[in-house]
Amino acid sequence: MHPISLKILFFFLLSQAGSAVLLAQNYRDSLDLALTKLSAEAKLPGLSVVIVNQDKIVYKKSLGWANRENKQPFTINTIENIGSVSKTFIAVALMKAIEKGYFTLETDINTILPFKVENPSFPNQPILIKHLVTHTSGIIDNDSIYHRSYLFRHTATIDPTLQTFMHQYGYVGGIQDTTLQGFLQNYLTPKGTLYTQKNFYPSSPGTRSSYSNIGSALLAYLIEVKAGMSFADFTQTNILKPLRMHHSSWFLEKPIQNQHATPYFTTEIAIPFYSLITYPDGGLRTSAQDLSNYVQEMMRGLADHSTLLDKDSYHLMFTPAFSADHLPENFSLKNRNKGVLWNLYNDGFIGHDGDDPGVSTNILFTKQMGIILMSNIYLEDRSKFLTVLKKYGTKLIQNK
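Small disclaimer: the values here were computed from a predicted structure and weren't measured.

A. Up close: the sheet that holds strand 10 (residues 350-356). Judged by pairing direction, the sheet is antiparallel, and its eight strands sit side by side in the order 3-2-1-12-11-10-9-8 without closing on themselves. Two strands bound the open sheet, and with one partner strand each, they are strand 3 (72-73) and strand 8 (336-338). Sheet topology note: the strand 1 (residues 46-52)/strand 2 (residues 57-67) ladder contains seven bridges and is antiparallel. Counted as the bridge partner of Val49 is Lys61 from strand 2.

As structure tokens, this is what we get:
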């Protein structure tokens, strides 16, 4: 090629690269503005979002306060409990347990448990692990009991508005046996102190969908029984440590507490720290930074090159459980399907949301892009946030 032509080609490629950089910066600026606007409108105390590809963070943004009173900024290293996003860790742990030969999705839970669980309306119908992972076991959350499993730390004073809310919704504690096994046995067996037939829906296992935190916690306990260790230790060994999630824990330990966001009821009213007896269903405490490692590994698993689980485990975990001709009562395929605890959304994303007092969390991913959103207040509708994150995240990934 003529030297002049080479120069022209060089400057053309350079200009194209410069244009891509400018485009990416424009997308970042637009996303910054959109998130700032939405955060202000929603009156969020603090917010952190991260967008990743399989190899790196391509966008991160934090706004507001982890603690307003102490002017502690909310950052991607701020820790909070992530609500039901924790259930995806049960899913991954379950796949690891299956790889170890502990059980299969077809296993009857009563062949594992040291106590017997049966639906009083269908005592002869076995509850299988696959029923628990799709929320079709018939075990339901009796909120008059389940909300008491939230253990709030005592404080010298509590805002009267918050106190009214807590009493109205039954966040009053008072459960005597606060071990995971003890709670489940007392809730699920006829001689248990928390047992009532209202803890089960009168439907045969596999026939009706009813989202169940307690059913999910039972999955974690099944792993405990077979592994001979706590679910917390099992996930530390098989998930958190391999993924270098060094600032994540199921419990409010001192190093965690020093970086932990204050949960808020309103922008002015803080909620006391709390823990969950059924901690696997919603109690993981982590940061957007640590979660980015996790989401990236799920993306790699979807693309068949993860080191955490076998390829077949990911395929099983993300296989749709339902179809139009095999659809349980009370479940709609309008927006999503179910995998093993994961939500398989119709727009191609896989993920889960987390909601608890003072907690809003979402993780979403495809093979190309992962999204993490965390805030220290409950926000019922995060759809506007997720829409702009998907929109600009796609553009940033394409122009990385």
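Text resumes after the structure shown.
B. Geometry of the pattern of salt bridges. Scanning all chains against the criterion turns up nine salt bridges. Taking the shortest distance from any N to any O, the salt bridge between Lys37 and Glu41 comes out at 2.6 Å. Taken together, the positions of Lys37 and Glu41, both in helix 1 (residues 3-42) and four residues apart, correspond to about one turn of that helix. Taking relative accessible area as the criterion, Lys37 reaches 52% and is therefore assigned exposed. The exposure class assigned to Glu41 is partly exposed, which follows from its relative accessible area of 47%. Between Glu118 and Lys116 there is a salt bridge, with the nearest N and O atoms lying 3.6 Å from each other. Looking at Glu118, the relative accessible area reads 27%, which means it is partly exposed.

C. Highlighting the pairing of strand 12 (residues 370-375). Of all six residues in strand 12, six are buried, a share of seventy percent or more. Where burial is concerned, the two faces of strand 12 agree: the one with Gly370, Ile372 and Met374 and the one with Ile371, Leu373 and Ser375 are both buried. Relative to strand 12, strand 1 is paired through six bridges, and the arrangement is antiparallel. Directly across from Leu47, in strand 12, lies its bridge partner Ser375. Note: strand 11 (residues 359-365) against strand 12, six bridges, orientation antiparallel. Residue Asn362 lies in a different strand from strand 12, and its bridge partner there is Leu373. Remark: four residues form the turn of the hairpin made by strand 11 and strand 12, two consecutive strands paired antiparallel.

Scoring rules and cut-offs
Residues numbered from 1 in each chain as written. Predicted model: local features only at pLDDT ≥ 70, side-chain atom pairs only at ≥ 80, totals over all residues. Heavy atoms only, no water. Pairing = 2+ DSSP bridges. Helix = DSSP H or I, 4+ residues; strand = E, 2+ residues; numbered from the N terminus. Salt bridge = Lys/Arg side-chain N within 4 Å of Asp/Glu carboxyl O. Buried < 20%, exposed > 50% of the residue type's maximum accessible area, 1.4 Å probe, protein only.

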